[in-house]
Every structure is written in C-alpha cells, then in structure tokens.
Amino acid sequence: MTQAELAEKVDATRQTINAIEAAKYSPSLELALKIADTFDVPIGDVFWLEK
Amino acid sequence: MSKQEIYAWTSLLSSIAILGFYGITVYGLPESLSGIESDLTSLFVKVFLFAFVVELAIGLFKSKDQVEKDERDNLIAGKGFRNAYYFLNAGLILLISQIALGQFVENAGIAFTLPNIMHMLVGALFFASIINRATQIYFYQRM
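Residues numbered from 1 in each chain as written. Chains lettered and ligands numbered in written order. Predicted model: local features only at pLDDT ≥ 70, side-chain atom pairs only at ≥ 80, totals over all residues. Heavy atoms only, no water.

**Focus on a nonpolar patch on the surface**
All names here are of chain B. A contiguous nonpolar surface patch, about 910 Å² in accessible area, is contributed by F21, V45, F48, L49, F52, V53, L56, L60 and F61. Ranked by residue count, the leading element in the nonpolar patch is helix α2 (residues 37-60), at seven residues. Inspection of the secondary structure assignment puts L49 in helix α2. (Patch = residues over 30% accessible without salt bridge, like charges linked within 9 Å, V, L, I, M, F, W, Y side chains within 5 Å. Areas by Shrake-Rupley, 256 points an atom, 1.4 Å probe, with all protein chains shown as cover. Salt bridge = Lys/Arg side-chain N within 4 Å of Asp/Glu carboxyl O. Helix = DSSP H or I, 4+ residues; strand = E, 2+ residues; numbered from the N terminus.)

Structure below.
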C-alpha cells in the first residue's frame, strides 16, 4: 500500500503519513487507531513507546 | 509539499509584499535609497501577483480525492497563530506604553498622532501574519 492510498483511507494527507513513518510526528489516538484498523492489526503492533 | 504548506509560503510572500508596499507608500525610503524606490515597489507588486496566481491555481485545480487539511495541519496552524498572538500582544502593550510614556516625556522620538498609530497597528498586524506563516513553514520543515 502506498502512502497516498493509506492517507486516503485514514483521511490524512500523504505528508502526514510520511511524517509518521519518519518518526517526526506522533499522530492522535484517533488517527493511530484508524491506521491500525486499516492494516487490521492491534495498535501496539504499529505504534509503541520508545524506551 | 502539501497544499497547506504552499498556502503558508504564498501567504508569507504576499504579507511581506503588502507590508513592504505599505511601508514605502506611507514612509518612503531614505534618500540614499530613493533611486530604487520604484523598482522595489514594482518588485512587491510582482511578488504579490505571483502569490495570488499560485493560490488561485491551487484553488482551481484541487483534486477531490486528496485530503486538503488534517490534524497535523491544524496543529501547525495552531502553533503559528499562538506565536502571532504573542507578538501582537507584545506589540500592542509596547505601543500603548509608548503612548502613555509620550504623555510624560517630551521629545520621545516618535509623534504619536492618530495616523502614525494607525500605521503602526497595520504594520503590527502584517508582522503578526508574517510570524504566523513563518512559524508554520518552520514546523512544516521540522515535522
């Protein structure tokens, strides 16, 4: 799936998806849940706290 | 570059152009620079027209599929407005305190006549707009 396709599915811009991938931007809980839902995986598999 | 980022750039350019044009029209340039006054005025008009055309083109050719604005754009816009608000507050407090001080101190330097105060307020508004857009561009590069 391309960044543009994911962006369209979760109602975000491609630049936001790119910033999330580059770890420059932390999404809101709502957007994080939408992304996890799109890939049909638990949110913890996509986002986690750096320790 | 997202649409909102392009809007930030065009708005920054047009604010600088309007402020420059306004400053030259109201106060003029020092005598040493009077030779380039017409060139500078023409440059400001061209920059404003360029920014206007770019914004118009983006508005006309917007795609229905793409999301125009999302939470990251709103967050960045908020940071820009916050900084502009701080600047405008500081500017207004400074202006009011200068006016109050001018009542007590003679020859304060600037004549605080009504037109002068209006020019300063207009200048402060455009400066605030420049700070708003510059902050947005900074955060678009950073996050």
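**A look at helix α4 (residues 114-142) of chain B**
An ideal rise of 1.5 Å per residue puts 42 Å on 29 residues; α4 of chain B measures up with 42 Å between its terminal C-alpha atoms. Residues of α4 of chain B that are buried include every one of N116, I117, G123, A124, A128, I130, N132, T135, Q136, I137, F139 and Y140 of chain B, and no others. (Expected span 1.5 Å × (residues − 1). Buried < 20%, exposed > 50% of the residue type's maximum accessible area, 1.4 Å probe, protein only.)

**Here we look at the nonpolar core**
V10, I17, L31 and I35 of chain A are the most contacted members of the largest nonpolar core, which has 14 residues in total. Considering each element in turn, this core owes the most residues, three residues, to helix α2 (residues 14-21) of chain A. The contact partners of V10 of chain A, leaving out residues within four places of it in the chain, are I17, L31, K34, I35 and T38 of chain A. Grouped together as the second largest cluster of nonpolar side chains are five residues, A8, L19, I130 and I137 of chain B included. (Core = buried A, V, L, I, M, F, W, Y, C linked by side-chain atoms within 4.5 Å. Contact = heavy atoms within 4.5 Å.)

**Side note on the packing of helix α1 (residues 3-27) of chain B against α4 of chain B**
When two helices pack together, their arrangement is given by the angle between the helix axes and by the axis-to-axis distance. Residues and elements named next belong to chain B. Contact geometry of α1 with α4 gives a least axis separation of 9 Å together with a crossing angle of 155°. Between α1 and α4, the interaxial angle falls into the category roughly antiparallel. The chirality of how α1 crosses α4 is left-handed. For the contact of α1 with α4, the class distribution of residues is 17 nonpolar, nine polar and two charged. (Axes fitted to C-alpha atoms, helices over the stretch in contact; angles between N-to-C directions. Parallel < 35°, antiparallel > 145°, perpendicular 65-115°, else oblique. Left-handed = near helix turned anticlockwise from the far one by under 90°. Nonpolar A, V, L, I, M, F, W, Y, C, P; charged D, E, K, R; others polar.)

**Some words on the side chain of Q136 of chain B**
By the element assignment, Q136 of chain B lies in helix α4. A relative accessible area of 5% means that Q136 of chain B is categorised as buried.

**Brief notes about the pattern of salt bridges**
Tallied over the full model, the rule gives three salt bridges over all chains. With a closest N to O distance of 3.7 Å, E30 of chain A and K34 of chain A form a salt bridge. Highlighted residues: E30 of chain A and K34 of chain A, both in helix α3 (residues 29-39), separated by four residues, approximately one helical turn. Between K3 of chain B and E68 of chain B there is a salt bridge whose closest N-O contact spans 3.0 Å. Pair noted here: K3 of chain B is in helix α1 and E68 of chain B is in the loop between α2 and α3 (71-104), with a separation of 65 residues, a long-range link. Taking the relative accessible area as the measure of exposure, K3 of chain B reaches 18% and is therefore buried.

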